[in-house]
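# Breakdown of the fold
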Protein chains: 8
Amino acid sequence: MNETRLIELLDAVRAGNVPVERAVRRLKSLAIHDLEFARVDGHRALRQGFPEVIYADGKTPAQVVKIARTILRHGGNLLATRVSRDTARALKRAFPRAKHHRDAAAVTVIRKRLPQQPGIIAVLCAGTTDIPVAAEAAVTAEIMGNRVKTFYDVGVAGLHRLLAINEELLAARVLVVVAGMEGALPSVVAGLVDRPVIAVPTSVGYGASFGGMAALLAMLNSCASGVTVVNIDNGFGAAFAATRINRGGA
Amino acid sequence: MNETRLIELLDAVRAGNVPVERAVRRLKSLAIHDLEFARVDGHRALRQGFPEVIYADGKTPAQVVKIARTILRHGGNLLATRVSRDTARALKRAFPRAKHHRDAAAVTVIRKRLPQQPGIIAVLCAGTTDIPVAAEAAVTAEIMGNRVKTFYDVGVAGLHRLLAINEELLAARVLVVVAGMEGALPSVVAGLVDRPVIAVPTSVGYGASFGGMAALLAMLNSCASGVTVVNIDNGFGAAFAATRINRGGA
Amino acid sequence: MNETRLIELLDAVRAGNVPVERAVRRLKSLAIHDLEFARVDGHRALRQGFPEVIYADGKTPAQVVKIARTILRHGGNLLATRVSRDTARALKRAFPRAKHHRDAAAVTVIRKRLPQQPGIIAVLCAGTTDIPVAAEAAVTAEIMGNRVKTFYDVGVAGLHRLLAINEELLAARVLVVVAGMEGALPSVVAGLVDRPVIAVPTSVGYGASFGGMAALLAMLNSCASGVTVVNIDNGFGAAFAATRINRGGA
Amino acid sequence: MNETRLIELLDAVRAGNVPVERAVRRLKSLAIHDLEFARVDGHRALRQGFPEVIYADGKTPAQVVKIARTILRHGGNLLATRVSRDTARALKRAFPRAKHHRDAAAVTVIRKRLPQQPGIIAVLCAGTTDIPVAAEAAVTAEIMGNRVKTFYDVGVAGLHRLLAINEELLAARVLVVVAGMEGALPSVVAGLVDRPVIAVPTSVGYGASFGGMAALLAMLNSCASGVTVVNIDNGFGAAFAATRINRGGA
Amino acid sequence: MNETRLIELLDAVRAGNVPVERAVRRLKSLAIHDLEFARVDGHRALRQGFPEVIYADGKTPAQVVKIARTILRHGGNLLATRVSRDTARALKRAFPRAKHHRDAAAVTVIRKRLPQQPGIIAVLCAGTTDIPVAAEAAVTAEIMGNRVKTFYDVGVAGLHRLLAINEELLAARVLVVVAGMEGALPSVVAGLVDRPVIAVPTSVGYGASFGGMAALLAMLNSCASGVTVVNIDNGFGAAFAATRINRGGA
Amino acid sequence: MNETRLIELLDAVRAGNVPVERAVRRLKSLAIHDLEFARVDGHRALRQGFPEVIYADGKTPAQVVKIARTILRHGGNLLATRVSRDTARALKRAFPRAKHHRDAAAVTVIRKRLPQQPGIIAVLCAGTTDIPVAAEAAVTAEIMGNRVKTFYDVGVAGLHRLLAINEELLAARVLVVVAGMEGALPSVVAGLVDRPVIAVPTSVGYGASFGGMAALLAMLNSCASGVTVVNIDNGFGAAFAATRINRGGA
Amino acid sequence: MNETRLIELLDAVRAGNVPVERAVRRLKSLAIHDLEFARVDGHRALRQGFPEVIYADGKTPAQVVKIARTILRHGGNLLATRVSRDTARALKRAFPRAKHHRDAAAVTVIRKRLPQQPGIIAVLCAGTTDIPVAAEAAVTAEIMGNRVKTFYDVGVAGLHRLLAINEELLAARVLVVVAGMEGALPSVVAGLVDRPVIAVPTSVGYGASFGGMAALLAMLNSCASGVTVVNIDNGFGAAFAATRINRGGA
Amino acid sequence: MNETRLIELLDAVRAGNVPVERAVRRLKSLAIHDLEFARVDGHRALRQGFPEVIYADGKTPAQVVKIARTILRHGGNLLATRVSRDTARALKRAFPRAKHHRDAAAVTVIRKRLPQQPGIIAVLCAGTTDIPVAAEAAVTAEIMGNRVKTFYDVGVAGLHRLLAINEELLAARVLVVVAGMEGALPSVVAGLVDRPVIAVPTSVGYGASFGGMAALLAMLNSCASGVTVVNIDNGFGAAFAATRINRGGA
């Protein structure tokens, strides 16, 4: 039912030509697919205050700049992930405010900083090779208005480094724990804290790591309750979910 | 927005208290989740004239009879698939019209036969061990109002049996082709006819058949265009899709 | 039995040296492999009116042009899929009528447009990264004589976009639904319409998408009946099968 | 270093035989494995107020009752999951307060109800066969002090049922979304709400569902951000993680 | 083209009403699917002199006896594989000549012994748990008219047992080599002899043997040329292929 | 070369008919497969002092007793693994000295205790459900003449239990570390000690543990060097390898 | 036992100091690993008359030429497989007799043609993209002294092309059947002939072909007995095995 | 508890203000995460005397040189594995003592040679293509202070080469056995010796070797006890574990 016909119906109601009862019946009988004016506003709410995100992998620098231009024209902040060095350079040329986060292979353009959530998101990773994924999570969490603390290279083969930060871990509202290879770190961390742990397997490793499959399976089978898992290398997704958790307390 | 509030709004429109323009705006601003009266009627249409179906696997005879009773109370036809011998007996005791299709491990109760579609659905299978799946497809297609022809044990290792029925295959509107082991039959059939071929892998086989995985992969990789695939052992689903195709011409 | 011997046999029949009865017996006893002149004409029928197709992936521009030249010499239309930019340029230089469908990575050369089927093939895709596969399906369906409508970027995470086109989906004779990642779109679509849905998983995604395996498995396990599946990224195959379905009503 | 030696050291300090400086050095040089008195109290905190849990699968009724007796002797609440009918009966005989949650295959014994968290945990499932896993999540969440609302049989093939509860979903603090087969529900739900979604794949399905692998992969590849995943059939784990999220706001 | 029309054509040729040239053209233009009398006699030749085979797994004793009765009515020999003890007893009751090969889980009924091939088929297996598959191969090869020598429990962890039979291995025309676990035996054997080696992986093992997958992959990757492979536990198939090789020299 | 011909050659040497030089040449030219008397005595050495082992899984009590009788007739010790309760009872009836190790599902019959190795083999397991595999390792190691210390239920989610035994771990010569689920324990242990760690994945778990595959992959990808891995549930194999390591120092 | 000690023993025999009987006992008691002079001449026999083979994949042109030079210095024929265009050019420059088989990506250098086996090896392939593997098989078979006939592009989707060559197939002693995608051709061929069929899966395909896995599984599960399988793309191995079969009749 | 507070506590003890008893209680009640001075010295011990290791894969020459400079500044030896030719050149320019081990793709810089362990580590590989992994193991074992003997190209298809070195194998304290393809070598070797065998699968192979998966599975399923396994291509890890074993005797 398009707008014109809706107006006609209401005009008829107003004119007394269509009794209210019948108008209700007609409106009730509308199948969803007739309601061209309907909108799911949950979706918009969902995005409220969040930056727009470009997944730059597989796009040319020119394509990314073009999409970025459209986004920024409408105001708002921008996050581009999986950005090559060339694309980063192109974005910085195009937008003077753009900031390149090398470790994270990400670029951000911030127009208006979001109000910060009170809770802290802790981002840990097991080895130095896991840093890119952890950094993507950290940059994402920060631009989404969270306070972020990072703890890199605290893998389980050197427990002392992990135990040394135990108190800081207990201060976090959510923990994003990134690990490749055998993916054991989230289990150990979830045994030390009583907060939600989001585990991110990375594709770091070779041979029987099968591109992160080993770490993914380990995390899904964590003996420590309270661990949930996202896709391999999905630092962005972990930070997004962590933000939803962190906002929940507001 | 519940019905009461809708009536109030329309009453106000009729009374001239709310201008049409504003009523339109209000109705347009309704998020879908406010429309508690909305219904997706596509779904009902979808089921129109189809029998209700009980997937009996993992249910006790008593449970199946109970569900069947509810269905048949509202009229309509009934199809129960993956029925054990005990469940079949229970259904026959409870519903005198019930018919047990042994090969298909299915039971049907037909109240009112559907008008038959003009097109023929041909159901083929490669080996005798594939018959249960093929028979499930045949019984399903028939109760859904299709004319069905079955050709069993026409596997590719004995081409003569397949070539002997070539003309009959050409007369079909859709072909459901069931095969386990190497799953080669759909490719060969799709090379002989110019009609849609729905391939059904079966879990028949052992060792590297991996419960039908070998046949499934073979069918997905068919060198003959025009083949689409359903899940392993899913004779019902193949017949359902074939019915949608066969009805299309109406 | 070669032609010479066949002629001899018939000469003998004509001369009365071999009784008809015995000639029938001899011809009947011919094993298929003796019939060197036999041909399966089903195959030709199958191709009737269809364009010749070149799968250009892994071929050099020169090879593709050469094959295209052979095809076009015999008249008919041409469809080249998985065409690189270089190959597209080479084809356009060689054949002035050639048209490059960038989105689809396809080139078509149309000599004589096929008569259009009455039914509509709807082609949907979930995300913008799925467009190449969807576009391949659309171009293929069109050159095969179908009316095609495309609906891109209507993934399940934004239901409103999908519901907005519900009425148009209901108007289609067949639906080709393309999706990567979790491959959920075909299930949702098949719940909205009562027409055959051909699901095409794409290799879009990373990590545990395993090159489209995740989407493929999801589609094979669709809870919505009426869905059949083709190989990962096989837009062409989906369109081919859809054409067979669409022609069926003729 | 055992207690005796620690006392000796401190005695020496007190007696002035060991200067403070040197005692500090000695204590600092203690390797963690020398500190037999050390304890990780994070772990205890973690369990605070939570019921003790028995995973009953693979244990005899007698074994479960024995473990339960030990737990209940120390006060506290008890949750037994994956409980057979026989084990449930045995528990009820042994502990009059025991309650058997049939749908969830769980038994609870509640001594002292925990104070309720303000937030709501919504538990959804796609099909009726997914109910056991969803019910396990619901029972777990409830005994851990959460307010729980359940929405069963709201799969994506019948969108109207899902859209009808949209408003209630928006009211939840966390959502546990359970689905087998193609595992599409979490993606759709995460597109409707802006809260954390914990996806639980179930082993429901056959053939290419590979015991829940298809649903698991789909959920890991969700196109909707904000989804995290637990192991197949792990309703308990999802509720545990949801509780950690729900408590976070306190 | 049915027989009647063929007779008419030949009658017309005889009567001089249809010139030979045109009759040839007509016969040549016959599509295979018109040749209802055509038969592929290669298939029959293939079976010539071979026993009929019943794959008894998943069939009841009564079913197997019934099939056996049909086969033996037409003369010929019978081989039933994967026979349970009950089925074996039933066959022996029904057919006094039946012989139960316990190790092989096979029953044979021999009416007329086939003339023996001159070549020897050697059947080896690695461990005692592989014997059932090896024995199935041996019984099959024997009933198909081959001279068979068996060498059991000659696995690679005890090379001396294998080297002790080296001379006998060299005397074989074909070797069927059966192994589970790491499946190394065929590689070692193929390095000792210059005859065709057919490798049979068995499902013997546990854990990462994945039901014989480990042995299967090992055999497919054999560093020793001349090894070909059949499906897991397929002793029958290996013997069948070996027979084709052994007959080749005749 | 059989014995007769060897005697002939030596006779000829003795008689001076064949010069030593030529005899050497002839003997050197002997291919291994001619040496029917050759034996690999390395194998026997390997077994020296070890008990004979029966893998009882899949064997009837009677079969196991029969094999045991044969072994014990020749003296020596006996170890039967994967023993059912019935088999254990049968063995105890047959051999009064037999001892049933319930946890390990093993039975031992010791005639003459082996001299003990000086080094200690530590056997750890992560959870109580891993105990059967750990106990099999412990029983095996003990009967093979090692001093064994066991530490059960010291999984990574409760680090304090693990750290509490750190000093004892450092005293071991080899460590066998058993874990199911995410298989993280060996990585953590190998980071605490400087001795060889043999990791044993167990099939404990469900869903995405895939029968121990998750733990196996985790262990193969251990970030801690010094870890080697055996097959899933292979407690026996781990103990066997540990014994070889422990004996090495003698 | 080194040569010196052997000479001493024989000297003692000749001198009558060691009785023949005792010398025999000593020689018999030699463990294989003492026989430093032993050699397995089966291996050499195996290679007799065969060309030396270089697997050129992953080697530089210079490396291949160097290995080839060493081989050809000792006489004999040479086969280099998986040869790049650069390597082929380098070989032709270095060895004037070298012949580059473009289709097969192989180079041969023939010094002395082997006597031809009487039997024919037929090499078939399903599609044009399978030709490289089939051609590798053909070139290999030919240089190994077999008569070879090739039949390319006879896939199962166009049965007429396959049936047209049926008689020629029946004339072969062994058949090497190459196919990618669904790998159905070997099953169909093995149903038409009574000779050994060696199936070669190729990595041709995309998506769910998983690099040839689909074809491999299909072939292992062939419903037609008499099929054995080699590794994906292993044209060389198939030809090698076929040669062993073809030589067997000599 | 930081150092200041620890000093205060001890001062109070010394001053008699805090009784020893209470001080003990306070120290005992310290949770590990309060002990900021704690350190796990097991880890340091573990590394004692070992070289620092750089895994150079995926790092630029400049990055590797920079890390190396830091390491060497603190004294000690250096091992860089998976080094490209460019990185090797850069290291040799930067550190004159650097030695490039071409076969192993490794560079070592040795400041002070470690005292040699008495035991020998034997490193075997099956084919020439496995040499890089074997050489990495050999270089690693040597720089860690072991005596190393290498035996390359002793695969199971040519047993004579393996048997020829049997005596030398028996002299080793540990054996590292490297093999790709079917991975059979460790089983055969473990049958010849009574020492620990560490098996290293390599990614050598194609098709169904699945990047070393076939060899890995074979090794995990070895029928010869005493074999343990490391990750695919992990020569370094095998040597590290072997060193731990070899040091054990000290």
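Right, let's walk through the structure included here. (Residues numbered from 1 in each chain as written. Chains lettered and ligands numbered in written order. Predicted model: local features only at pLDDT ≥ 70, side-chain atom pairs only at ≥ 80, totals over all residues. Heavy atoms only, no water.)

## Overview of the overall build of chain A
Heads up, the condition is: Strands are runs of DSSP state E lasting at least two residues, helices are runs of H or I lasting at least four, and both sets are numbered from the N terminus onward. Exposure classes here rest on a 1.4 Å probe applied to the protein chains alone. A residue is buried below 20% of its type maximum, exposed above 50%, and partly exposed in between. Every residue pair with non-hydrogen atoms within 4.5 Å of one another is taken to be in contact.
In terms of regular secondary structure, chain A is built from eleven helices and nine strands. A buried classification covers 61% of the 250 residues belonging to chain A. A fraction of 67% describes how many contacts in chain A between residues 6 or more apart in sequence connect residues 24 or more apart.

## Structural notes on the interface of chain A and chain D
Quick reminder of the rule: The term buried area refers to how much accessible surface (probe radius 1.4 Å) is lost by two components on association, counted for both of them together. The salt bridge criterion pairs a side-chain nitrogen of Lys or Arg with a carboxyl oxygen of Asp or Glu, the two atoms within 4 Å. Distance and chemistry together define a polar contact, namely a pair of N or O atoms within 3.5 Å, with one atom able to donate a hydrogen and the other to accept it when in protein, and with adjacent residues in sequence counting only for side-chain atoms on both sides. Under the convention adopted here, Pro, Cys and the residues Ala, Val, Leu, Ile, Met, Phe, Trp and Tyr are nonpolar, Asp, Glu, Lys and Arg are charged, and Gly plus all remaining residues are polar.
Between chain A and chain D, the residue contacts involve 35 residues of the former and 35 residues of the latter. With both chains or domains summed, chain A and chain D bury close to 2800 Å², and 62% of this area falls on carbon and sulfur atoms. Applying the counting criterion to the chain A and chain D interface returns zero salt bridges. Put simply, chain A and chain D have twelve residue pairs in polar contact (both at pLDDT 80 or more) between them. Contributing elements (two or more residues each) for the side of chain A that touches chain D: helix 3 (41-47), helix 9 (185-192), strand 8 (197-201), helix 10 (213-220), strand 9 (227-229) and helix 11 (235-247) of chain A. In terms of residues, the side of chain A that touches chain D owes the most to one element, helix 11 of chain A, which gives five residues. Taken together, the residues of the side of chain A that touches chain D sort by class into 21 nonpolar, ten polar and four charged.

## Here we look at the relation of the copies chain A and chain D
Rules: What sets the superposition is a least-squares fit of C-alpha atoms, and only residues with pLDDT of at least 70 in both copies go into it.
Superposing chain A onto chain D takes a rotation of 180° combined with a translation of 0.1 Å along the rotation axis, leaving an RMSD of 0.2 Å. Taken together, the rotation and translation describe the operation of a two-fold axis. Comparing interface residues between copies, 100% of those in chain A also sit at the interface in chain D, which points to an isologous, same-surface contact.

## Let's talk about the sheet that holds strand 2 (residues 78-81) of chain A
All names here are of chain A. Heads up, the condition is: A strand pair is defined by DSSP finding two or more bridges across the two strands. Only the contacting stretch of a helix is used when fitting its axis, a line to C-alpha atoms as for every element, and angles between N-to-C directions run 0 to 180 degrees.
As summarised here, the arrangement of the four strands in space is 1-2-4-3, forming an open sheet in which the pairing is mixed. Only two strands of the sheet have a single neighbouring strand rather than two, namely strand 1 (52-55) and strand 3 (99-101). Adjacent strand axes in the sheet meet at a mean angle of 20° when their direction is disregarded.

## Observations regarding the sheet that holds strand 1 (residues 52-55) of chain H
Residue and element names in this part refer to chain H. Spatially, 1-2-4-3 is the arrangement adopted by the four strands of the open sheet, whose pairing is mixed. Looking along the sheet, the strands with just one partner apiece sit at the ends: strand 1 and strand 3 (99-101). Looking at each pair of strands side by side, their axes are set apart by 20° on average, direction ignored. Bridge count between strand 3 and strand 4 (residues 106-109): three bridges; the pairing is antiparallel. Residue pairing in the sheet places lysine 99 in a bridge with threonine 108 of strand 4. Of the strands in this sheet, strand 1, strand 2 (78-81) and strand 4 touch helix 4 (residues 61-73), which is tilted by about 175° from strand 1. Sitting on the sheet, helix 6 (residues 131-143) is in contact with strand 2, strand 3 and strand 4, with an inclination near 170° to strand 2.

## So, the pairing of strand 7 (residues 174-179) of chain G
Residue and element names in this part refer to chain G. We count it as follows: Crossovers are described as right-handed under a simple rule: with the strands pointing away from the observer, the path leading from the first strand over the helix to the second runs clockwise.
Within strand 7, six of the six residues are buried, which leaves the element mostly enclosed by the surrounding structure. Every second residue of strand 7 is oriented toward a common face, with Val174, Val176 and Val178 on one face and Leu175, Val177 and Ala179 on the other, all of them buried. Direction of pairing for strand 5 (residues 120-125) relative to strand 7: parallel, over a ladder of five bridges. Each bridged residue has a counterpart across the sheet, and for leucine 124 the counterpart in strand 7 is valine 177. Across five bridges, strand 7 lies against strand 8 (residues 197-201) in parallel orientation. In the sheet register, valine 178 faces strand 8, and the bridge partner there is valine 200. In the classification by handedness, the crossover that spans strand 7, the intervening helix 9 (residues 185-192) and the parallel strand 8 is right-handed.

## A short note on the packing of helix 4 (residues 61-73) of chain D against helix 5 (residues 85-94) of chain D
Residues and elements named next belong to chain D. Applicable threshold: Small angles under 35 degrees read as roughly parallel and large ones over 145 as roughly antiparallel, with 65 to 115 read as roughly perpendicular and the rest as oblique. Take the far helix as your reference; a near helix turned counterclockwise from it by less than a right angle gives a left-handed crossing, and one turned clockwise gives a right-handed crossing.
Remark: helix 4 packs on helix 5, axes separated minimally by 9 Å, with the N-to-C direction vectors making an angle of 40°. When the interaxial angle is binned, helix 4 and helix 5 end up oblique. Once helix 4 is placed against helix 5, the crossing between them reads as right-handed. Residues Pro61, Val64, Val65, Ala68 and Arg69 of helix 4 lie in contact with helix 5, whose contacting residues are Asp86, Thr87, Ala90, Leu91 and Ala94. Of the residues in the contact of helix 4 with helix 5, the class split is seven nonpolar, one polar and two charged.

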